[in-house]
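Notes for the structure review
Here is how the chains run, residue by residue.
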Amino acid sequence: LSDTIFNLTDSVGVDAILDEVVTVNASLTYAGNECSTSNNTYSMTDVVVGSLDPNDKAVLVEGSGEQAIANRNDRLIYKIRFQNLGTYAARIVRIIDTLSVDLDWSSFQVESSSHPFSVSLTDGVVNWVNYKIELPDSASNPEGSMGYVTFSILPKQNLAPYTPIFNNADIQFDYNDYIRTNDTKILISDHLKETDNTFVLAYPNPASSSTNILLIGEEKEHKYISSIKLTTTQGLLVQSYKPNATKTTISVESLTTGIYMIIVKDIEGQHYQSKLVVN
C-alpha cells in the first residue's frame, strides 16, 4: 500500500462570463490492478467571479460544488480569496476566520492555499498568517497580486433541519485595517436523499421567460411535487409554489439574470435541488 498526492491546476478562459457555472472533471486511469475504482473520478463545480470584490469568501459542498442546501454529513469547503489592490507589495497577509458555532470545529481540515501559511485554530477562531508573502500589487502584477486559502469542515450533527450557517472572514495586508469579506450562507438539512437517483429536471435551462419543472424518480417516472422554492445561491427565497402535480411551469420573466436554486419537495417530504440559469 502507498499514498500518492496529485496536484491538478486548471483555469478558465478570459472569455468566461461572470456567474457562469463551470465544472472541472478529473479522472485517473491505472494500468495495474486496483482494490477499488470508485475514487478514480472527481468533479468540482464553481461559479465564475470577477475582480470587483477581490477579497471574498465562498462555501461549497464537497463533490457537489455550490449548493443552497447541504446534508449534515456533507463536508463544507470554504474558500477565502484576497488581492493586493495597493501600490506596493504586501509583506504580511493575515486572515482571521471566526467559525460559526453550528460547525464542528474538531473536523476542521486545511485543504489548500496559494501561498504557505501558518494556521492555528483556537476556540473556533482560525488564524492564517504569512510574514514573508511579498504579495505584489495589482497594478504591477495582476495575477501575482491574488491568493487564496481553503479549508473543509463538517456541520454539527445535532442541528435542526434547515439551520442556516453564516460565516465571514477578516483579511489584513501588513498592518492596515482588516477587510471583512461577504457573509456566506448555507442551509443544513437531513432530509436530502443521497441513496436514490431522483432528480429535478428543469427545461428549458437556461430560461428567459418560463421553465418547466419535473421530479424524475429512480424508475424514470414522474413523481408528484408538493412544493417548489426558488432561491438565490445565497439561500434567499425568491418564489414559492405548491403545485401538487407531476409537472409545473413557472415564470422567470421578472427575475434578473443569474443563477438560482430550485428546491423541490415530494409528497413524502423529501427535498431535492437543482440549478436554474436565467438569461
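If you're wondering where the values come from, they're calculated on a predicted model, not measured in any experiment.

**Some details on the nonpolar core**
Side chains that are nonpolar tend, in soluble globular proteins, to be buried together. Counting 28 residues, the largest nonpolar core has Leu76, Phe82 and Ile95 as the members making the most contacts within it. Broken down by secondary-structure element, the contributors of at least two residues to this core are strand E3 (56–61), strand E5 (76–83), strand E6 (93–98), strand E7 (103–113), strand E9 (125–130), strand E10 (146–155), strand E12 (170–173) and strand E14 (184–188). Take this core: its biggest share by element is 4 residues, from E5. Ranked by size, the runner-up nonpolar core spans 17 residues in total, among them Ile213, Leu215, Ile262 and Tyr272.

**Overview of the confidence of the model for the protein**
For the protein, mean pLDDT is 85; residues scoring 70 or higher make up 88% of the total. For the protein, per-element mean pLDDT is lowest for strand E2 (residues 41–47), which scores 70, and highest for E9, which scores 97.

**Section: the packing of aromatic side chains**
Between two aromatic rings, the relevant description is the distance of the centres plus the angle of the planes. Considering all chains together, one arrives at 6 aromatic pairs under this definition. Consider the rings of Phe117 and Trp128, whose centres lie 6.4 Å apart with planes at 85 degrees: the pair is edge-to-face. Within this pair, whereas Phe117 is found in the loop between E7 and strand E8 (118–122), its partner Trp128 is found in strand E9, the two being separated by 11 residues in sequence. On the accessibility criterion, Phe117 (15% relative accessible area) is buried. Taking the relative accessible area as the measure of exposure, Trp128 reaches 1% and is therefore buried. Grouped by ring-pair contacts, the aromatic residues Tyr78, Phe82, Phe108, Phe117, Trp128, Phe151 and Phe173 constitute a single cluster. Just above the ring of Tyr148 sits the side chain of Lys79; from NZ or CZ to the centre is 5.0 Å.

**Digging into the side chain of Thr248**
Mapped onto the fold, Thr248 is located in strand E19 (residues 247–251). The contact partners of Thr248, leaving out residues within four places of it in the chain, are Thr211, Asn212, Ile213, Ile228 and Pro243.

**Let's talk about the environment of Ser152**
Relative to the elements of secondary structure, Ser152 occurs in strand E10. With relative accessibility at 0%, the residue Ser152 sits in the buried group. Sequence-distant contacts of Ser152, defined by excluding residues within four places in its chain, comprise Arg75, Leu76, Ile77, Ser107, Phe108, Gln109 and Glu111.

**Describing the sheet that holds strand E15 (residues 199–203)**
The strand order across the open sheet built from 3 strands is E15-E16-E19, with neighbouring strands paired in antiparallel fashion. Edge positions in the open sheet fall to E15 and E19, since each of these has one partner strand only. Going across the sheet, the axis of each strand differs from the next one's by a mean of 25 degrees, ignoring polarity. Taken together, the 5 bridges between strand E16 (residues 210–216) and E19 define a ladder with antiparallel strand orientation. Pairing of Ser210 across the sheet is with Ser251, part of E19.

**Description of the pattern of salt bridges**
Any two side chains of opposite charge can pair, on the condition that their charged atoms come close. Within the structure shown, the criterion is met by 5 salt bridges. One salt bridge connects Arg81 with Asp56, and the closest N-O pair in it is separated by 2.7 Å. One end of the pair, Arg81, is in strand E5; the other, Asp56, is in strand E3, with 25 residues separating them in the sequence. The class for Asp56 is buried, based on a relative accessible area of 14%. Linking Arg91 and Glu134 is a salt bridge whose minimum nitrogen-to-oxygen distance equals 2.8 Å. Separated by 43 residues along the polypeptide, Arg91 in the loop between E5 and E6 and Glu134 in the loop between E9 and E10 bring together distant segments of the chain.

**Things to note about a nonpolar patch on the surface**
A surface patch of nonpolar side chains, about 360 Å² in accessible area, is lined by Phe6, Leu8 and Leu28. Within the secondary structure, Phe6 sits in the segment before strand E1 (21–27).

**Some thoughts on the sheet that holds strand E18 (residues 237–241)**
Pairing in this open sheet of 4 strands is antiparallel, and the strands run E18-E17-E20-E21 from one edge to the other. Two strands lie at the open edges of the sheet, namely E18 and strand E21 (271–278), each paired on one side alone. Each adjacent strand pair in this sheet contributes to an overall mean axis angle of 20 degrees, direction not counted. Relative to E21, strand E20 (residues 258–266) runs antiparallel, the two being bridged by 8 bridges. Along E21, the bridge assignment pairs Ile259 with Val277.

**Some remarks on unusual backbone geometry**
A cis amide bond links Tyr203 to the next residue, Pro204, at an omega of -5 degrees. A cis amide bond, omega 15 degrees, links Asn205 with the succeeding residue Pro206. In this structure, Pro206 sits in the loop between E15 and E16. The phi dihedral of Asp123 falls on the positive side, at around 50 degrees, and the residue is not glycine. Tracing the backbone through its elements, the reader meets Asp123 in the loop between E8 and E9.

Conventions adopted
- Residues numbered from 1 in each chain as written.
- Predicted model: local features only at pLDDT ≥ 70, side-chain atom pairs only at ≥ 80, totals over all residues.
- Heavy atoms only, no water.
- Core = buried A, V, L, I, M, F, W, Y, C linked by side-chain atoms within 4.5 Å.
- Buried < 20%, exposed > 50% of the residue type's maximum accessible area, 1.4 Å probe, protein only.
- Helix = DSSP H or I, 4+ residues; strand = E, 2+ residues; numbered from the N terminus.
- pLDDT = per-residue confidence, 0-100.
- Phe/Tyr/Trp six-rings, centres within 6.5 Å; stacked < 30°, edge-to-face > 60°.
- Lys NZ or Arg CZ within 6 Å of the ring centre and 35° of its normal.
- Contact = heavy atoms within 4.5 Å.
- Pairing = 2+ DSSP bridges.
- Axes fitted to C-alpha atoms, helices over the stretch in contact; angles between N-to-C directions.
- Salt bridge = Lys/Arg side-chain N within 4 Å of Asp/Glu carboxyl O.
- Patch = residues over 30% accessible without salt bridge, like charges linked within 9 Å, V, L, I, M, F, W, Y side chains within 5 Å.
- Areas by Shrake-Rupley, 256 points an atom, 1.4 Å probe, with all protein chains shown as cover.

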